[in-house]
Amino acid sequence: MDSDLILLNPRLPQAERVHIERLVRACHLDWHRGDHVWVMSSGTESQRGGRYKMVALSKKALEAAASGVNQFFAITGKDVIFNTLPNFHVAGLLQSTRARVSGAQLVQAPELTWDVNEFCESLKSTRSTVTSLVPTQIYDLVQAQKKAPPTLRCVFAGGGALTDFLFQQAQALGWPLIRTYGMTETSAMIAYKEASSAVWRRLPHLEKWESGNDQKIKFYGASLLTGYLLIRRLTDPMPDSIHAGELCQWVDPKQQGWFESDDRGKIENDELFLLGRDSELVKVKGESVSLLELNELWQRFCQEKQLSANSVIVSLPNERDGSELVLATEDCVLIEQIDEFQKKLLPFQKIQRVFAKTLIPRTELGKIKTADLIHSLGARPR
């Protein structure tokens, strides 16, 4: 192929798509022409500061990640891989790559559609053996009490935190879940977690990982990104004569081949205990609070009480306490229910305010766009 592949969400406005594609091509570096796939960084990080963050993944990096997963989980030409995730996200893209590298049959569901009944029927009719799901989809399967078809032997669960309670409920219905950890910059999954384990184990295509005194996790291996292209968002019509360098910036975040992520954790005996992203660790009255842990407690409470899962706990800046913990929900929540949940928490973990009937913005993979949500609540993202 003599040109790079640029994968964008078809729901982006056409003018933005043309703008991004034009700049990726204009800012091309001769040494990587035709050798990369470009995807937008997931979540809202790519759109902060009025710019998109396009991630350049070499085809060698994608194939290294696919080969590593195929080898470790014994995915071969005998498998049928069902892809229900969009290919403009790295999770969907890697399913297609794993199929091509292994020779497995690929069944592609229509992008940007999800129907729990159609999904289960398609798995059965195609006799699929491998698929990938995000927590939102797993929640829907559990709520509908759908049992896994007997041909399915491997379901990679990623794209967000999956609570132990939901994991156990899905397992009871026969879904052979494998919890995975990774990000766009690592060509998707680089680690997995066994059912009863609290730690993540490294997959072979990631050669090394480290965590320093600041607990930030660094990665080294063949599946890492080549770099970012930071592109100014389109606000006004751009004249044809404008210099591309005024609109975009190429950044290679790696240092001597190492990529430092925004995730924090502890690595001992080559096993990772994940603490969460910087944005998921906040200070309330001087005490550290993990929003990841707090939301896992809340989601489990909702599942036990059969409450709506369309809710999330986030932090807002607070001049006195540092951060204020608030609950945003698309539904109504009774005060009695909040009070019952609060009894399970330490004093500095307690929710101070509730924003009911609030639209929670999400990505196509079901991830909550936290920065957009906080902005809608009338506060700047931290």
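Summarised in this report is the structure supplied together with it. Every value quoted in this text rests on a predicted model; they were computed, and no experiment measured them.

Description of the sheet that holds strand β14 (residues 248-251)
Stage number 1. On the basis of which strands lie adjacent, the open sheet formed by 5 strands has the order β1-β2-β3-β13-β14 and mixed pairing. The open sheet has two edge strands with one neighbour each: β1 (5-7) and β14. Each neighbouring strand pair of the sheet contributes to a mean axis angle of 20 degrees, computed without reference to strand direction.
Stage number 2. Where strand β3 (residues 51-58) meets strand β13 (residues 227-232), 6 bridges bridge the pair, whose relative direction is antiparallel. Counterpart to A56 in the pairing with β13 is G227.
Stage number 3. With respect to the sheet, helix α1 (residues 14-26) is in contact with β1, β2 (36-40), β3, β13 and β14, its orientation differing from that of β13 by roughly 130 degrees.

Comments concerning the packing of aromatic side chains
Stage number 1. Evaluation of the coordinates by the stated rule reveals 14 aromatic pairs.
Stage number 2. Ring geometry for F82 versus F119: centroids 5.7 Å apart, planes at 70 degrees, classification edge-to-face. Separated by 37 residues along the polypeptide, F82 in strand β4 (residues 80-83) and F119 in helix α4 (residues 116-126) bring together distant segments of the chain. Judged on exposure class, the residue F82 and its partner F119 are both buried.
Stage number 3. For the ring pair W298 and F301, a centre distance of 5.7 Å and an interplane angle of 25 degrees mean the geometry is stacked. Taken together, the residues span about one helical turn, with W298 and F301 both in helix α7 (residues 291-305) at a distance of 3 residues.
Stage number 4. Residue W298 is classed as buried on the basis of its relative accessible area, which comes to 1%.
Stage number 5. Taken together, the ring pairs in this structure connect F72, F73, F156 and Y192 into an aromatic cluster.
Stage number 6. The ring of Y220 carries K208 above its face, with NZ or CZ at 4.7 Å from the centroid.
Stage number 7. It is K218 that lies over the ring of W258; its NZ or CZ is 5.6 Å from the centre.

Structural notes on the sheet that holds strand β15 (residues 259-268)
Sheet strands pair by backbone hydrogen bonding; their relative direction is either parallel or antiparallel.
Stage number 1. A sheet is described by the order of its strands in space; here 11 strands give the open sequence β5-β4-β6-β7-β8-β9-β10-β16-β15-β12-β11, paired in mixed fashion. Looking at the sheet topology across the chains shown, the edges are occupied by β5 (105-108) and β11 (206-211). Along the sheet, successive strands turn relative to each other by an average axial angle of 40 degrees, direction set aside.
Stage number 2. In the packing of helix α5 (residues 135-143) onto the sheet, the strands contacted are β6 (130-133), β7 (154-157) and β8 (177-183), and the crossing angle to β6 comes to about 105 degrees.

Focus on the side chain of S58
Stage number 1. Summarising the element assignment, S58 is placed in strand β3.
Stage number 2. Owing to a relative accessible area of 12%, S58 belongs among the buried residues under this scheme.
Stage number 3. Separated by 3.0 Å, the side chain of S58 and the backbone nitrogen of A61 make a polar contact.

Some points on the pattern of salt bridges
Stage number 1. Within the structure shown, the criterion is met by 11 salt bridges.
Stage number 2. When the shortest N-O distance is used, the salt bridge between D164 and R179 registers 2.8 Å. With D164 in helix α6 (residues 164-172) and R179 in strand β8, this residue pair connects regions lying 15 residues apart in the sequence.
Stage number 3. Given a relative accessible area of 42%, D164 falls into the partly exposed group.
Stage number 4. Between R201 and E271 there is a salt bridge, with the nearest N and O atoms lying 2.5 Å from each other. Of this pair, R201 sits in strand β10 (residues 200-202) while E271 sits in strand β16 (residues 271-277), placing them 70 residues apart in sequence.
Stage number 5. Assessed through its relative accessible area of 23%, E271 is described here as partly exposed.

Some thoughts on unusual backbone geometry
In terms of backbone geometry, most residues other than glycine have negative phi values and most peptide bonds are trans.
Stage number 1. Phi at Q145 is positive, roughly 55 degrees, even though this residue is not glycine.
Stage number 2. The topology assignment puts Q145 in the loop between α5 and β7.
Stage number 3. A positive phi angle is found at Q215, which is not glycine, with a value near 70 degrees.
Stage number 4. In this structure, Q215 sits in the loop between β11 and β12 (216-221).
Stage number 5. On the accessibility criterion, Q215 (26% relative accessible area) is partly exposed.

As for the packing of α5 against α6
Two quantities define a packed helix pair, namely the angle between the helix axes and the distance between the axes.
Stage number 1. Here α5 crosses α6 at 50 degrees, and the two axes come no closer than 10 Å. Classified by the interaxial angle, the pair formed by α5 and α6 is oblique. When you trace α5 past α6, the crossing you get is left-handed. Contact with α5, carried on its side by P135, I138, Y139 and V142, involves L166, Q169 and A170 of α6 and no other residues of that element.
Stage number 2. Grouping the amino acids of the contact of α5 with α6 by side-chain chemistry returns 6 nonpolar, 1 polar and no charged.

Let's talk about the nonpolar core
Stage number 1. Ranked by size, the top nonpolar core spans 29 residues in total, and within it Y181, W209 and F219 carry the most contacts.
Stage number 2. Setting aside residues up to four positions removed in sequence, F219 forms contacts with Y181, M183, T186, I190, L206, K208, W209, L224, G257, W258, F259 and S261.
Stage number 3. Ranked by size, the runner-up nonpolar core spans 24 residues in total, among them V80, F82, I138 and L173.

Concerning the pairing of β12
Stage number 1. Pairing analysis gives 5 bridges linking β11 to β12, with the strands arranged antiparallel. Residue pairing across strands places S211 opposite I217, the latter belonging to β12.
Stage number 2. The antiparallel pairing of β11 with β12 creates a hairpin that spans 4 residues between the two strands, and Q215 there sits at a positive phi of about 70 degrees.
Stage number 3. Relative to β15, β12 runs antiparallel, the two sharing 3 bridges. Bridge assignment links K218 to a residue of β15, and that residue is E260.

The rules we used
Residues numbered from 1 in each chain as written. Predicted model: local features only at pLDDT ≥ 70, side-chain atom pairs only at ≥ 80, totals over all residues. Heavy atoms only, no water. Pairing = 2+ DSSP bridges. Helix = DSSP H or I, 4+ residues; strand = E, 2+ residues; numbered from the N terminus. Axes fitted to C-alpha atoms, helices over the stretch in contact; angles between N-to-C directions. Contact = heavy atoms within 4.5 Å. Phe/Tyr/Trp six-rings, centres within 6.5 Å; stacked < 30°, edge-to-face > 60°. Buried < 20%, exposed > 50% of the residue type's maximum accessible area, 1.4 Å probe, protein only. Lys NZ or Arg CZ within 6 Å of the ring centre and 35° of its normal. Polar contact = N/O pair within 3.5 Å; in protein donor to acceptor, adjacent residues only side chain to side chain. Salt bridge = Lys/Arg side-chain N within 4 Å of Asp/Glu carboxyl O. Parallel < 35°, antiparallel > 145°, perpendicular 65-115°, else oblique. Left-handed = near helix turned anticlockwise from the far one by under 90°. Nonpolar A, V, L, I, M, F, W, Y, C, P; charged D, E, K, R; others polar. Core = buried A, V, L, I, M, F, W, Y, C linked by side-chain atoms within 4.5 Å.

On their own, these measurements won't tell you what the molecule is for.
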